[in-house]
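Each chain, written out:
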Amino acid sequence: SVVPGGGSTGFDVSGVVTVAFGEAMDPKTINETTFILTVGSTPIPGKVTYAGQIATFTPANKLNASAVHKVTITTGDKDLAGNAMVSPYISFFYTRQVFSK
């Protein structure tokens, strides 16, 4: 599962994105090249960590306001037995509009 969930709206631009895997994964395979966050085709820089079957993407900066963000988990992610994901997992969410005072 992914937080924010697919099609979610109003996600905080300061938020982190998490992915919960259904089994233990090889931590060496969960990184910035296998857990990708983009706006359009532009990658969002950030850091990926993995613990307790949950991968967390922490953006280096606030996310784009009022934008569609795409989460991609690639087939480079492998379980502890070395089995790669069968196909990439893709999800989308929308950030909320930010108003300045």
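The rules behind each value
- All residue numbers here refer to positions counted from 1 along the written sequence of the relevant chain.
- For a predicted model such as this one, the threshold for reporting local features is a pLDDT of at least 70, and the threshold for listing and counting side-chain atom pairs is 80 or more; totals across whole chains, interfaces and linings nevertheless cover every residue.
- No hydrogens and no water enter the side-chain calculation; it runs on all heavy atoms of the structure.
- Between rings of Phe, Tyr and Trp, where Trp is taken as its six-membered ring, a pair exists when centres lie within 6.5 Å; planes separated by under 30 degrees are stacked, by over 60 edge-to-face, and by other angles tilted.
- Helical segments are the DSSP runs of H or I of at least four residues, strand segments are the runs of E of at least two, and each set is numbered from the N terminus.
- Only protein chains enter the calculation, and the probe is 1.4 Å; a residue is then buried if its accessible area is under 20% of its type maximum, exposed if over 50%, and partly exposed in between.
- Patches were defined on residues exceeding 30% relative accessible area and lacking a salt bridge, with like-charge contacts within 9 Å and nonpolar side-chain contacts (Val, Leu, Ile, Met, Phe, Trp, Tyr) within 5 Å.
- Per-residue and other accessible areas were derived by the Shrake-Rupley procedure at a 1.4 Å probe size, with only the shown protein chains allowed to occlude residues.
- For salt bridges, the criterion is a side-chain nitrogen of Lys or Arg within 4 Å of an Asp or Glu carboxyl oxygen.
- Positive charge is attributed to Lys and Arg, negative charge to Asp and Glu, and no charge count is given to His or to the chain ends.
- In this analysis, two residues are considered to be in contact whenever any of their non-hydrogen atoms come within 4.5 Å of each other.
- Pairs of strands are assigned from DSSP output, requiring at least two bridges between the strands.

**Some words on the packing of aromatic side chains**
Part 1: One pass over the full model with this rule turns up three aromatic pairs.
Part 2: Look at Phe-35 and Phe-57: their rings are 5.7 Å apart centre to centre, the planes differ by 35°, and that puts the pair in the tilted class. Note that Phe-35 is positioned in strand 4 (residues 35-39) and Phe-57 in strand 7 (residues 54-59), a separation of 22 residues in sequence. Exposure class is identical for Phe-35 and Phe-57. Each is buried.

**Considering a nonpolar patch on the surface**
Part 1: A cluster of nonpolar residues, Val-68, Ile-90, Phe-92 and Tyr-94, forms a patch on the protein surface that exposes about 340 Å² of accessible area.
Part 2: The element that contributes the greatest number of residues to the nonpolar patch is strand 9 (residues 89-95), accounting for three residues.
Part 3: One can find Tyr-94 in strand 9.
Part 4: Relative accessible area serves as the criterion here: at 36%, Tyr-94 is assigned to the partly exposed category.

**Notes on the side chain of Asp-79**
Part 1: The residue Asp-79 is located in the loop between strand 8 (68-73) and strand 9 in this model.
Part 2: One buried charge, Asp-79, has no salt-bridge partner; the nearest side chain with opposite charge is Lys-78, at 8.9 Å.
Part 3: Ignoring sequence-local partners within four residues, the contact set of Asp-79 consists of Glu-23, Ala-24, Met-25 and Asp-26.

**Comments concerning unusual backbone geometry**
With glycine set apart, most residues show a phi of negative sign, and most peptide bonds adopt trans.
Part 1: At Gln-53, a position not held by glycine, the phi torsion is positive, near 70°.
Part 2: Structurally, the position occupied by Gln-53 is in the loop between strand 6 (46-51) and strand 7.
Part 3: We note that Ser-66 has phi near 50°; this positive angle belongs to a residue other than glycine.
Part 4: With respect to the helices and strands, Ser-66 occurs in the loop between strand 7 and strand 8.

**Looking at the pairing of strand 9**
Part 1: Pairing of strand 2 (residues 8-11) with strand 9, which is carried by two bridges, proceeds in the parallel orientation. Across the sheet, residue Ser-8 finds its bridge partner in strand 9, namely Phe-93.
Part 2: As defined by bridge partners, strand 8 adjoins strand 9 across six bridges and the pair is classed as antiparallel. What sits directly across from His-69, in strand 9, is Phe-93.

**Considering the sheet that holds strand 7**
Part 1: What the four strands build is an open sheet, ordered 1-3-7-6; its pairing is antiparallel. Both outer strands of the open sheet, strand 1 (2-3) and strand 6, are each paired with one neighbouring strand and no more.
Part 2: Summarising the sheet, strand 3 (residues 17-20) and strand 7 pair through four bridges and their orientation is antiparallel. When the sheet's bridge partners are listed, Val-17 is paired in strand 7 with Phe-57.

**Quick notes on the environment of Tyr-89**
Part 1: Tracing the sequence through the fold places Tyr-89 in strand 9.
Part 2: As for Tyr-89 and Ile-73, which are separated by 16 residues in sequence, their C-alpha atoms are 5.0 Å apart.
Part 3: With residues near it in sequence (within four places) discarded, Tyr-89 still touches Val-2, Val-71, Thr-72 and Ile-73.

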